[in-house]
Amino acid sequence: MQMLLHSVVAALVTLVLGFIWYNPKVFGNAWMKSIGKTEEDLKGANMALTFGLTFIFSVMLASILHPITIHQFG
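Residues numbered from 1 in each chain as written. Predicted model: local features only at pLDDT ≥ 70, side-chain atom pairs only at ≥ 80, totals over all residues. Heavy atoms only, no water.

Attention shifts here to the overall build of the protein. Along the protein, the regular secondary structure elements total four helices and zero strands. In the protein, the succession of α and β elements from N to C terminus is α-α-α-α. A globule of 74 residues ought to have a C-alpha radius of gyration of about 11 Å, yet the protein, at 16 Å, is considerably larger. The principal-axis extents of the C-alpha atoms in the protein amount to approximately 50 × 20 × 15 Å. The burial tally for the protein puts 11% of its 74 residues in the buried class. For the protein, contacts bridging at least 24 residues in sequence account for 63% of all contacts bridging at least 6. Counting every atom, the protein has about 6000 Å² of accessible surface; 72% of that belongs to carbon and sulfur. (Helix = DSSP H or I, 4+ residues; strand = E, 2+ residues; numbered from the N terminus. Rg over C-alpha atoms; globule rule 2.2 N^0.38 Å. Buried < 20%, exposed > 50% of the residue type's maximum accessible area, 1.4 Å probe, protein only. Contact = heavy atoms within 4.5 Å. Areas by Shrake-Rupley, 256 points an atom, 1.4 Å probe, with all protein chains shown as cover.)

A word on the packing of aromatic side chains. Going through the model one piece at a time under the given rule, you end up with three aromatic pairs. Pairing Phe19 with Phe51 gives two aromatic rings, centres 5.2 Å apart and planes at 75°, and the pair type is edge-to-face. Placement of Phe19 in helix 1 (residues 2-21) and of Phe51 in helix 4 (residues 47-69) is noted, with a sequence separation of 32 residues between them. On the basis of relative accessible area, Phe19 is assigned to the partly exposed category, the value being 46%. (Phe/Tyr/Trp six-rings, centres within 6.5 Å; stacked < 30°, edge-to-face > 60°.)

Moving on: helix 2 (residues 24-35). A rise of 1.5 Å per residue sets the reference length of helix 2, with its 12 residues, at 16 Å; its end C-alpha atoms lie only 14 Å apart and thus fall more than 12% short of the reference. The opening residue of helix 2, the one whose side-chain oxygen lies 3.0 Å from the backbone nitrogen of Lys25, is Asn23. Residue Gly36 follows helix 2 closely and has a positive phi angle near 75°. (Expected span 1.5 Å × (residues − 1). Polar contact = N/O pair within 3.5 Å; in protein donor to acceptor, adjacent residues only side chain to side chain.)

A few words on the layout of surface pockets. Left-over empty space is what a probe sized like a water molecule reveals as it rolls over the atoms. As a volume, the largest pocket reaches approximately 530 Å³. Lining the largest pocket are 18 residues, with Gly18, Tyr22, Trp31, Met47 and Phe51 sitting closest to its centre. Counting only elements with at least two residues in the lining of the largest pocket, the list comes to helix 1, helix 2, helix 3 (39-43) and helix 4. For the lining of the largest pocket, a count of residues per class yields 10 nonpolar, six polar and two charged. (1 Å grid on protein atoms, 1.4 Å probe; cavity = no way out; pocket = protein on both sides within 12 Å on 5 of 7 lines; lining within 4 Å. Points joined across faces, edges and corners; volume = space filled by probe spheres on them. Nonpolar A, V, L, I, M, F, W, Y, C, P; charged D, E, K, R; others polar.)

You can see Ser58 is positioned in helix 4. Polar contacts involving the side chain of Ser58 include one to the main-chain carbonyl oxygen of Thr54, which spans 2.8 Å.

Put into structure tokens, the structure is as follows:
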């Protein structure tokens, strides 16, 4: 149960960092320019699906990395 809680918190941290990193005031405009997109292109995206899948994959990644990096289960 504790590992699941740690995985969810780690997934939430990645979402928060992503919100900050891809903010137009930080690196969002540079990111959009480098991939050749505009804000109008991104307005049609399904953000609930995008953030939902991002959260699910982040939980999966954190769940897999936890036993690989933490070897003391005692």
